[in-house]
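# Analysis of the macromolecular model
So you can see what is in the structure, the chains are spelled out below.
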Amino acid sequence: MRKLSVRAALSHAMLALMAALALGACSSTKAPVPPLVTTYPGGSLDSPNSRINHVVLGQATQEPDRNEAPLGGGDLLEIQVADVPELRNVKMRVTPAGTILLPLLGQLRVEGMTAEELHEKLRTLLAEKYVRNPQVSVSVAEMRSHKVAVMGQVQHPGLFDMSTRMRVTDAIGMAGGLKDEASPRVYLLRRLPERPSTAGKKAPASSGPEQGAKTVSPGGLAPGIVEIDLRQLLDGRGERGNLLLRPGDIVEVPRAGTVYVGGNVKSPKAVDILGGQMTAQQAIIAAGGPSQIGEMSKVRVYRLLPNGQRQEIKLDLSKKNSGRVDFALQKEDVVIVGFSGGMVAWTVVKDLIYPGIMAVWLLGM
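Calculation notes
- Residues numbered from 1 in each chain as written.
- Predicted model: local features only at pLDDT ≥ 70, side-chain atom pairs only at ≥ 80, totals over all residues.
- Heavy atoms only, no water.
- Core = buried A, V, L, I, M, F, W, Y, C linked by side-chain atoms within 4.5 Å.
- Buried < 20%, exposed > 50% of the residue type's maximum accessible area, 1.4 Å probe, protein only.
- Helix = DSSP H or I, 4+ residues; strand = E, 2+ residues; numbered from the N terminus.
- Contact = heavy atoms within 4.5 Å.
- pLDDT = per-residue confidence, 0-100.
- Expected span 1.5 Å × (residues − 1).
- Phe/Tyr/Trp six-rings, centres within 6.5 Å; stacked < 30°, edge-to-face > 60°.
- Pairing = 2+ DSSP bridges.
- Axes fitted to C-alpha atoms, helices over the stretch in contact; angles between N-to-C directions.

## Points about the nonpolar core
Core analysis: the largest hydrophobic core is formed by 23 residues, its most contacted members being Leu-77, Ile-79, Ile-100, Leu-102, Val-110, Leu-118 and Leu-122. Residue assignment for this core shows that the elements contributing at least two residues are strand S1 (76-81), strand S2 (90-93), strand S3 (99-102), helix H3 (115-129) and strand S5 (136-142). Looking at this core, the element that brings in the most residues is H3, giving four residues. Residues within four places of Val-110 in sequence aside, it is in contact with Leu-71, Val-94, Gly-98, Thr-99, Ile-100 and Leu-118.

So, in structure tokens, the structure goes:
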């Protein structure tokens, strides 16, 4: 009996030990999960792009809030003003032109404003004419999908929703940051309306590349194109160039060792310098050639000098210029093709008149 009792005690002890181990294993699966550690593409912070990504991705965290997004055509607004019956409960959609039409206040341009900025504007206008200390409420009931594009050498290029105010670095951060082969100089492309009034001015032709050379401030390339050097973020000088984006903007991140071709070409883009050599004319051809209103006699090459200034070099690469000399490009040059005033005028006339002529011909009017 004694041997049995000892054996039973030992078996009970082993069962208890196994149960304790099992419970410990179960409890370990329910232990708190340690916090996730965010890693940045590009490995260590030794390379310039990795340091830029560290800054960009750290700034790119956003909380979606449609009341903080810039207003645009198609957005549905809810506006309430206490003690003003005409504005007590107004629902209004922003027109494609970016305006709204309100009782008492008439037509207001709201495109690019936030709901808070519109709230302050309505308070000011109402206080000037109608109500002392007006109580105004503005909210966005529906937001049309505002998008910006990030293209080129980023981790995840594509279209991104503007759920709140966005700057250039926010967009790059949403695209995952720069690739190792990306140039730190990026370009913001923004569509601007044509200005035919300047079409009649004739640009002076240059007999050689250096004759028309002058220096211009960095970033002053062409209407609708802004160059931004992300390396300035590392020493605190980049905030001025970190521009607010508008719906439809494009952030182009070229590959290091390329040239950028923009202006009136068929396909504005960054072009790789193949074989280590490329001329201005070859770069323009690689970008699809001049557009319908492009003018090869009005070509500009912008080059960053060691002192930080940007040199502007005027070229006449048109066939009518018998003394034309093509221009050898360097890495990170920017080539801009100007527009032909005559072709702008013809395009406007064609767009206005040709549909009417076709309608008369088709309908027998």
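Following the structure, the description resumes.
## With respect to the confidence of the model for the protein
Averaged over the protein, the pLDDT score is 74; the fraction of residues at 70 or greater is 67%. Scored below 50 in pLDDT, residues 19-45 makes 16 contacts in the model with residues more than four places away or belonging to other chains. Overall, residues 346-365 carries pLDDT values under 50, and its contacts beyond four positions in sequence, including any with other chains, amount to eight contacts.

## Digging into H3
Helix length check: H3, at 15 residues, gives a terminal C-alpha distance of 22 Å against a target of 21 Å (1.5 Å per residue), a fit within 8%. Contacts made by the buried residues of H3 are with S1, S3, strand S4 (106-109) and S5.

## Overview of the packing of aromatic side chains
Taken as a whole and assessed by the stated rule, the structure comprises one aromatic pair. For the ring pair Tyr-187 and Tyr-260, a centre distance of 4.5 Å and an interplane angle of 20 degrees mean the geometry is stacked. With Tyr-187 in strand S8 (residues 185-189) and Tyr-260 in strand S12 (residues 258-263), the pair connects residues that are 73 residues apart, well separated along the chain. Neither residue differs from the other here; Tyr-187 and Tyr-260 are each classed as buried.

## A few points about the environment of Val-84
Mapping Val-84 onto the fold places it in the loop between S1 and S2. Residue classification places Val-84 among the buried positions, given a relative accessible area of 4%. If sequence neighbours within four positions are ignored, Val-84 has contacts with Leu-104 and Val-131.

## Remarks on the sheet that holds S2
Spatially, three strands are ordered S2-S1-S5 in an open sheet, and the strand pairing comes out antiparallel. The strands lining the two open edges of the sheet, one partner per strand, are S2 and S5. Averaged over neighbouring strand pairs, the angle between their axes works out to 25 degrees when direction is ignored. Bridge count between S1 and S5: six bridges; the pairing is antiparallel. Across the sheet, the residue bridging to Gln-80 is Ser-137, located in S5. Of the strands in this sheet, S1 and S5 touch H3, which is tilted by about 145 degrees from S5.

## Focus: the sheet that holds strand S10 (residues 225-229)
The strands making up a sheet associate through hydrogen bonds between their backbones, and the pairing can be parallel or antiparallel. If you walk across this open sheet you meet the five strands as S7-S6-S11-S8-S10, and the pairing is mixed. Every interior strand has two partners, whereas the edge strands, strand S7 (158-161) and S10, have only one. Put simply, the sheet's adjacent strands are angled 25 degrees from each other on average, direction ignored. Direction of pairing for strand S6 (residues 147-152) relative to strand S11 (residues 250-253): parallel, over a ladder of four bridges. Each bridged residue has a counterpart across the sheet, and for Met-151 the counterpart in S11 is Glu-252.

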